[in-house]
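Per-entry structural report
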Amino acid sequence: GLTVSGRLQNWYDADGTTARLGGRAQIGSARANEWWKYNDDCILEDEAYKCRMAPRDGQASFVLHYSEALENNIGGSVCINGGRPNIKCPIVAKATHFGRDESLGLEIGINAKVSGPIIDQSGGWFVRFSDGTPSTLSIASIQVDTDQKLVLALPYPAGTTFNIVYQAASWCSTSWGVCQHNYRAVRNITAVRDSFGDAYFWDETQRTLYLRIVNSPSFFGGLPSTDPAVWSPYPPPESFSRNGQTIVTPTQASVVITATCPQMNNAASATATGRYCAPQTNVRVPAATAPYVIIPQSSARSSTTTATPSTSPS
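Residues numbered from 1 in each chain as written. Predicted model: local features only at pLDDT ≥ 70, side-chain atom pairs only at ≥ 80, totals over all residues. Heavy atoms only, no water.

**Quick notes on the sheet that holds strand β2 (residues 25-29)**
By way of backbone hydrogen bonds, the strands of a sheet pair with one another, either parallel or antiparallel. Pairing in this open sheet of four strands is antiparallel, and the strands run β1-β2-β4-β3 from one edge to the other. Among the strands making up the open sheet, the edge pair consists of β1 (10-13) and β3 (43-45). Averaged over all adjacent pairs, the angle separating strand axes in this sheet is 20°, with direction ignored. Taken together, the three bridges between β3 and strand β4 (residues 48-52) define a ladder with antiparallel strand orientation. Note on β4: the bridge partner recorded for Leu44 is Tyr49. (Pairing = 2+ DSSP bridges. Helix = DSSP H or I, 4+ residues; strand = E, 2+ residues; numbered from the N terminus. Axes fitted to C-alpha atoms, helices over the stretch in contact; angles between N-to-C directions.)

**Digging into the pattern of salt bridges**
For the structure shown, the criterion picks out eight salt bridges. In this structure, the salt-bridge partner of Arg56 is Asp120, at a minimum N-O distance of 3.1 Å. With Arg56 in the loop between β4 and β5 (58-65) and Asp120 in the loop between β8 (113-118) and β9 (124-129), this pair connects stretches of sequence that are 64 residues apart. A salt bridge links Asp194 to Lys149; the shortest N-O distance between them is 3.9 Å. (Salt bridge = Lys/Arg side-chain N within 4 Å of Asp/Glu carboxyl O.)

**Some remarks on the environment of Phe162**
Of note, Phe162 is situated in strand β12 (residues 161-167). Accessibility expressed as a relative area gives 15% for Phe162, which makes it buried. A sequence separation of 21 residues divides Phe162 from Tyr183, and the C-alpha atoms of the two residues are 9.8 Å apart. For Phe162, the residues in contact, after removing those within four places along its chain, are Tyr156, Tyr200, Trp202, Leu209, Ile257, Thr258 and Ala259. (Buried < 20%, exposed > 50% of the residue type's maximum accessible area, 1.4 Å probe, protein only. Contact = heavy atoms within 4.5 Å.)

**A look at the nonpolar core**
Counting 55 residues, the largest nonpolar core has Phe62, Tyr156 and Ile257 as its most contacted members. Setting aside anything within four residues of it in sequence, one finds Tyr156 in contact with Thr133, Pro134, Phe162, Trp202, Arg207, Leu209, Ile257, Ala259, Cys261, Cys277 and Gln280. (Core = buried A, V, L, I, M, F, W, Y, C linked by side-chain atoms within 4.5 Å.)

**A short note on empty space enclosed by the protein**
Counted according to the given criterion, the structure contains three cavities of 30 Å³ or more. Roughly 50 Å³ of internal volume is contained in the second largest cavity. Taken together, Val4, Arg7, Leu8, Leu106, Glu107, Ile108, Gly109, Asn111 and Lys113 form the lining of the second largest cavity. Counting residues per element, the ones that place at least two in the lining of the second largest cavity are α1 (4-8) and β7 (106-109). (1 Å grid on protein atoms, 1.4 Å probe; cavity = no way out; pocket = protein on both sides within 12 Å on 5 of 7 lines; lining within 4 Å. Points joined across faces, edges and corners; volume = space filled by probe spheres on them.)

**What to know about the layout of surface pockets**
Of the volumes computed, that of the largest pocket is approximately 650 Å³. Lining the largest pocket are 25 residues, with Tyr12, Gln59, Thr246, Ile247 and Val248 positioned closest to its centre. Looking at the lining of the largest pocket, the elements that each hand over two or more residues are β1, β5, β8, β17 (239-242) and β18 (245-248). Class assignment for the residues of the lining of the largest pocket results in nine nonpolar, eleven polar and five charged. (Nonpolar A, V, L, I, M, F, W, Y, C, P; charged D, E, K, R; others polar.)

**Points about the state of the cysteines**
Taken as a whole, this structure holds three disulfides when the rule is applied. Here Cys42 connects covalently by a disulfide to Cys51, the sulfurs 2.0 Å from one another. Disulfide Cys42-Cys51: torsion about the S-S bond near 120°, hence right-handed. Relative accessible area serves as the criterion here: at 12%, Cys42 is assigned to the buried category. Residue Cys172 pairs covalently with Cys179 via a disulfide, S to S 2.1 Å. Note on the Cys172 and Cys179 pair: the S-S dihedral is about -90°, so by sign convention the disulfide is left-handed. Comparing Cys172 with Cys179, the two get one shared label, buried. (Disulfide = S-S within 2.5 Å.)

**Structural notes on the packing of aromatic side chains**
Within this structure, the stated rule accounts for eleven aromatic pairs. When the ring of Phe98 is compared with that of Tyr210, the centres are 6.3 Å apart and the planes differ by 90°; the resulting orientation is edge-to-face. With Phe98 in the loop between β6 (91-97) and β7 and Tyr210 in strand β16 (residues 208-212), this pair connects stretches of sequence that are 112 residues apart. For the residue pair Phe98 and Tyr210, the accessibility class agrees, reading buried in each case. Look at Tyr156 and Phe162: their rings are 4.9 Å apart centre to centre, the planes differ by 80°, and that puts the pair in the edge-to-face class. Each member of the pair, Tyr156 as well as Phe162, carries the same accessibility label: buried. Three or more aromatic residues joined by ring pairs make a cluster, and in this case those are Tyr156, Phe162, Tyr200 and Trp202. (Phe/Tyr/Trp six-rings, centres within 6.5 Å; stacked < 30°, edge-to-face > 60°.)

**Some thoughts on the pairing of strand β10 (residues 136-143)**
Across four bridges, β5 lies against β10 in antiparallel orientation. Following the sheet pairing, Val63 is matched in β10 by Ala140. Where β10 meets strand β19 (residues 254-260), four bridges bridge the pair, whose relative direction is antiparallel. Considered in β19, the bridge of Thr136 is made with Thr258.

No statement about biological role is implied by the geometric values presented.
Here's what the structure looks like:
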């Protein structure tokens, strides 16, 4: 099957000289359906989409850990590089931009690294696991700048309850620091987007959990008693800068979602190892969180498509 790198390969063109689009652009693999297609003005060329980016568009990356037993097979019985074509990397989930059809989304293999565009006017990524959302899901190696707004949405059965925490880096010690920071429940998606990354919204009607994904500190306070209820100002992420360009380095902290689901999947596929909540096949991809506006380009058309935000009243 197609390798993960075949779907995730991308290049950031800071000044647009490579893509020849007259401004900041992204070049992303067309082997991932339309995952790297930022807007309708993107150009498909040589198995890649070349896209002019809107001012607040960006990029993000993280790894989903959901089954230690299954992931331990990577590089052995599943997901190897070359030489053994009969050994595949099974698809376990799919990521889709808010407001889009799932057929256009990114297929996620057992080695569940997810990299992709932050489309500001779309608002987020919806991830659906084939066997149902894992009851314990860790989001690690997060690489999202603090000025970006990326909301992750996951489907769960009605009546699910959650315990969500930031877990500090493995070297954190409670003898001198705060190694766990609790998420707080808020009333709508807007509050999630505007949070410092430590808030979630459970839409019981739509059976969808929303949380913001963003680089967090590696630990959460200088003393065990100093964990702030809200980070303000937000601690700057670790980064590398050169010639005016900055790359945020992956955080060593992770987000751990523990869900208590009233319905479990007791007939998970043969490739599944672990506990999965019952699949919610009729839960739809959330609508875009803002009207989708294509930024006008020189020598290119502009278009506007609107979508109703998927939020609850305050």
